[in-house]
Amino acid sequence: MKKNLFYFLTAFLVVLSSCSSVDEDTNSNNKTYNMKLGQQFVVLPKTIKISNSDNSSEILETLSYNGNKIVSKTSKNERTDYTYEGDFIVKEIKYNTQSGSDVKKEEYSYAYENNKLVSTAYSKNFTAKYPNGSYRERSVYTYNADSNAVMKTYYKDLEFFEAEKLGDIELERNIDQLTFVNGNLTKRVSVISWGSYINYYDTDTTEYLYEYDTNNNPFKNVLGFDLLMKDVFVNNAVKTTMSSVLWNGNYLNSNSSNIEYVYNEEGYPVKVSERFKITEYIY
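Residues numbered from 1 in each chain as written. Predicted model: local features only at pLDDT ≥ 70, side-chain atom pairs only at ≥ 80, totals over all residues. Heavy atoms only, no water.

K.L.:
Can you help me understand the overall build of the chain in this one?
P.N.:
Helix and strand counts for the chain come out as two helices and 18 strands. For the chain, long-range pairs separated by at least 24 residues make up 34% of all intrachain contacts whose partners lie at least 6 apart in sequence. Split by element, the accessible area of the chain, about 17,600 Å² in all, is 51% carbon and sulfur. (Helix = DSSP H or I, 4+ residues; strand = E, 2+ residues; numbered from the N terminus. Contact = heavy atoms within 4.5 Å. Areas by Shrake-Rupley, 256 points an atom, 1.4 Å probe, with all protein chains shown as cover.)

K.L.:
Sorry if this is basic, but what is going on with the pattern of salt bridges here?
P.N.:
When charged atoms on two side chains of opposite charge get close, those side chains can pair. Following the criterion strictly, the structure yields 15 salt bridges and no others. Here Asp81 ties to Arg79 by a salt bridge, and the two come within 2.9 Å at their closest N and O atoms. When salt bridges with common partners are traced through the structure, they connect Arg79, Asp81 and Asp102 into a single cluster. (Salt bridge = Lys/Arg side-chain N within 4 Å of Asp/Glu carboxyl O.)

K.L.:
Please clarify how the packing of aromatic side chains should be interpreted in this entry.
P.N.:
If you walk through the whole model with that rule in mind, you get 13 aromatic pairs. Considering the side-chain rings of Tyr261 and Tyr263, the 5.6 Å spacing of their centres and the 15° angle between planes classify their relative orientation as stacked. The ring of Tyr143 carries the charged tip of Lys116 above its face, separated from the ring centre by 4.8 Å. (Phe/Tyr/Trp six-rings, centres within 6.5 Å; stacked < 30°, edge-to-face > 60°. Lys NZ or Arg CZ within 6 Å of the ring centre and 35° of its normal.)

K.L.:
Is there a simple way to think about unusual backbone geometry in this case?
P.N.:
Peptide bonds are trans in most cases, and residues, glycine excluded, mostly fall at negative phi. Not every positive phi belongs to a glycine, and Asn115 is a case in point at roughly 65°. One non-glycine residue with positive phi stands out, namely Ser147, at about 70°.

K.L.:
Even after reading the chapter, I still don't get the environment of Ser119, so can you show me in this structure?
P.N.:
If you trace the backbone, Ser119 turns up in strand β9 (residues 116–124). For the pair Ser119 and Leu228, spaced 109 residues apart in sequence, the C-alpha separation works out to 9.8 Å.

K.L.:
How do you make sense of the environment of Leu117 when you look at a structure like this?
P.N.:
The topology assignment puts Leu117 in strand β9. Leu117 sits in the buried class, given a relative accessible area of 1%. Separated by 25 residues in the primary sequence, Leu117 and Thr142 have C-alpha atoms spaced 9.0 Å apart. Filtering out sequence-adjacent residues up to four positions away, Leu117 remains in contact with Tyr110, Ala111, Tyr112, Tyr141, Tyr143, Leu227, Leu228 and Met229. (Buried < 20%, exposed > 50% of the residue type's maximum accessible area, 1.4 Å probe, protein only.)

K.L.:
I'm lost on the nonpolar core in this one. Help?
P.N.:
Buried together is how nonpolar side chains tend to be arranged in soluble globular proteins. If you look at the biggest cluster of nonpolar residues, it comprises 28 residues, and the most contacted ones within it are Ile70, Ile89, Tyr112, Leu178, Phe219, Val222 and Phe225. Residue assignment for this core shows that the elements contributing at least two residues are β4 (58–66), β6 (78–85), β7 (88–96), β8 (103–113), β11 (149–157) and β12 (171–181). With residues near it in sequence (within four places) discarded, Leu178 still touches Tyr141, Asn148, Ala149, Met151, Leu185, Lys187 and Arg188. Formed by five residues, the second largest nonpolar core is a distinct cluster that contains Tyr122, Tyr135, Tyr155 and Phe161. (Core = buried A, V, L, I, M, F, W, Y, C linked by side-chain atoms within 4.5 Å.)

K.L.:
Help me understand the pairing of β8, please; the structure alone is not making it clear to me.
P.N.:
Here is the key point about a regular strand: its side chains alternate between the two faces of the sheet. As defined by bridge partners, β7 adjoins β8 across six bridges and the pair is classed as antiparallel. If you follow Ile93 over to β8, its bridge partner there is Glu107. Here β7 folds back onto β8 in antiparallel fashion, the turn holding six residues, of which Gly100 has a positive phi close to 95°. Between β8 and β9, which pair antiparallel and follow one another directly, the connecting turn spans two residues, one of which, Asn114, has a positive phi of 50°. (Pairing = 2+ DSSP bridges.)

K.L.:
What is the right way to read the side chain of Ser51 from this model?
P.N.:
Examined against the element boundaries, Ser51 turns out to sit in strand β3 (residues 47–52). You can call Ser51 buried: its relative accessible area is 4%. Setting aside chain neighbours within four positions, we find Ser51 in contact with Ser57, Glu58, Phe276, Lys277 and Ile278.

K.L.:
Before we go on, may I ask you to explain the confidence of the model for the chain in this structure?
P.N.:
Parts of the prediction with low pLDDT should not have their coordinates interpreted in detail. The pLDDT averaged across the chain works out to 85; a share of 82% of its residues lies at or above 70. Across residues 1–39 the pLDDT falls below 50, and counting only partners more than four positions away or on other chains, this stretch makes 20 contacts in the model. (pLDDT = per-residue confidence, 0-100.)

K.L.:
Would you explain the pairing of β9 in this entry?
P.N.:
Sheet analysis places β8 next to β9, joined by eight bridges and oriented antiparallel. If you follow Glu113 over to β9, its bridge partner there is Lys116. Sheet analysis places β9 next to strand β10 (residues 135–143), joined by six bridges and oriented antiparallel. Its bridge partner being in β10, Thr120 is matched across the sheet by Ser139.

Below is the structure:
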């Protein structure tokens with residue numbers, strides 16, 4: 001009897017230990033896979049803290065989701081709402097909430113073809129006189145066979161154009177050549193269009209170069225974010241270089257900025273340091 005009881009207790013402890021191990025792995029924030037169900041967790045940033053390197057100011061943003069679709073991003077005085085059609089983000093509206101009520105600050109609209117962004121519309125400065133915004137931009141994307149793109153951006157500044165008696169016109173602001181490698185934007189050459197009313201001095205061309213690591217972008221799993229052409233790509237930029245370029249192709253001036261990352265076990269950044277800004281992610 002004692003011998004049977006010993007074997008029973010031994011088997012029970014083995015099963016208990018096994019269950020405890022599974023539960024611990026399942027609930028661990030550092031585990032990518034659900035050990036019990038065999039399903040992959042979707043890693044999404046839930047909280048973002050942005051601060052100066054001297055900690056003199058801090059912004060805390062909370063992100064909410066429906067599955068892996070982002071619903072909103074909220075901070076103390078601002079909120080951004082996102083609207084989807086299917087798997088695509090079609091609208092993004094930012095509100096100033098400081099007064100206790102929503103005051104629309106900025107609005108983006110997005111259109112797609114063949115799973116690629118083909119146009120964006122941006123507006124700001126909403127007033128009773130300009131309910132659709134006194135400043136508006138429109139960008140149009142065309143792609144070639146290797147998936148590189150040309151972005152043409154047009155704008156209206158209704159208040160300024162009205163003061164200058166230019167009427168309700170739209171001007172081409174700039175043309176950008178976009179180069180992609182393995183899903184990352186590696187080069188952008190931006191040329192200011194003639195007659196754009198944008199002031200420039202020694203040059204009207206700026207070249208941006210981006211270098212990446214092989215780790216995961218924090219927004220990698222947010223559905224549709226990688227299509228918006230807004231700094232969310234497959235990996236993380238570790239160095240950016242901005243250069244002014246003359247018409248003859250010579251560089252007028254150039255400066256670089258390095259970005260440092262601290263990663264969790266799954267290769268997602270938990271801390272990003274760049275110049276005077278520190279960004280921290282909680283998943």
